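# A closer look at the structure
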Amino acid sequence: MRRNYEDDRASALEEEKLNPMQVLIGMVVLILVVVIFCFAVWKITHAKHSGPLPGPSVESSQDSIAWGGQTTPIDTTQSSEEEGMSSEEFSEPENPLGMEFDKVDEFVTAKDVTNLRSEPSTDQGQTTVVTQLSNGQNAHRIGVNPNTGWSQLEYNGQVVYAVSQYLITVDVTE
């Protein structure tokens, strides 16, 4: 009786064995599932988000980028004159995104490498990057906005913008 049980068990195990073709198909399916999963994760993590960056109480992505992920206090008070005006009555500012810059006259270089952008914002991702400034390359800083952390620069004959925390002032004798 014991012999029949072992024979039955051995024949059942042989029937459960997969042939090499089934093993190959199983491996291909497993690899495809892993590749699709990795691609989906990559697409999600590299998606361009047009809204503010995630995080607690982020007022806007340009503030969170300029201040290393932390927002700065934003003055939300309006004067009584502004409250009574409609949006059509406001004049369009000449500078990008309506950001005001305090005038300065100094030269800066990048701490490492920093993007120089056509507007003081990272909302459009890489599309606003004009060029990069490396350490040792100088740019003329003509404006600073201490509330948002952006600098206005003159570089190669055009006005560009960079995050101030990535810049250091340099002494340039002309």
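Residues numbered from 1 in each chain as written. Predicted model: local features only at pLDDT ≥ 70, side-chain atom pairs only at ≥ 80, totals over all residues. Heavy atoms only, no water.

## Looking at the overall build of the chain
Secondary structure assignment for the chain yields four helices and seven strands. The helix and strand sequence of the chain, counted from the amino end, reads α-α-α-α-β-β-β-β-β-β-β. Counting the 174 residues in the chain, one finds 24% classified as buried. Intrachain contacts of the chain at a sequence separation of at least 6 include 57% that bridge at least 24 residues. As presented, the chain carries roughly 12,900 Å² of accessible surface, and 55% of it is formed by carbon and sulfur atoms. (Helix = DSSP H or I, 4+ residues; strand = E, 2+ residues; numbered from the N terminus. Buried < 20%, exposed > 50% of the residue type's maximum accessible area, 1.4 Å probe, protein only. Contact = heavy atoms within 4.5 Å. Areas by Shrake-Rupley, 256 points an atom, 1.4 Å probe, with all protein chains shown as cover.)

## Observations concerning the confidence of the model for the chain
When pLDDT is averaged along the chain, the result is 74, and 64% of the positions lie at 70 or above. Predicted confidence for residues 49–93 stays below pLDDT 50, and this span has 51 contacts to residues more than four positions away or in other chains. (pLDDT = per-residue confidence, 0-100.)

## A closer look at the packing of aromatic side chains
In this structure the tally under the stated criterion is two aromatic pairs. Consider the rings of Phe39 and Trp42, whose centres lie 6.3 Å apart with planes at 25 degrees: the pair is stacked. Separated by three residues within a single helix, Phe39 and Trp42 lie in helix α2 (residues 20–45), roughly one turn from each other. Relative to Tyr161, the ring of Phe101 lies with its centre 5.5 Å away and its plane at 35 degrees, an arrangement referred to as tilted. With Phe101 in the loop between α4 (80–83) and β1 (102–110) and Tyr161 in strand β6 (residues 158–163), the pair connects residues that are 60 residues apart, well separated along the chain. Residues Phe101 and Tyr161 agree in their burial class; the two are buried. (Phe/Tyr/Trp six-rings, centres within 6.5 Å; stacked < 30°, edge-to-face > 60°.)

## Observations regarding the nonpolar core
Counting residues in hydrophobic clusters, the biggest one holds 10 residues: Val108, Ala110, Leu116, Leu133, Ala139, Leu153, Tyr155, Val160, Ala162 and Leu167. When neighbours within four sequence positions are excluded, Leu133 is seen to be in contact with Thr109, Ala110, Asp112, Val113, Thr114, Leu116, Asn138, Ala139, Tyr155 and Leu167. Core analysis: the second largest hydrophobic core is formed by five residues, Phe101, Trp150, Tyr161 and Val163 among them. (Core = buried A, V, L, I, M, F, W, Y, C linked by side-chain atoms within 4.5 Å.)

## So, a nonpolar patch on the surface
A cluster of nonpolar side chains, namely Met21, Leu24, Ile25, Val28, Val29, Leu32, Val33 and Ile36, defines an oily patch on the protein surface of about 770 Å² accessible area. With respect to the helices, strands and loops of the structure, Val28 is situated in helix α2. With relative accessibility at 43%, the residue Val28 sits in the partly exposed group. (Patch = residues over 30% accessible without salt bridge, like charges linked within 9 Å, V, L, I, M, F, W, Y side chains within 5 Å. Salt bridge = Lys/Arg side-chain N within 4 Å of Asp/Glu carboxyl O.)

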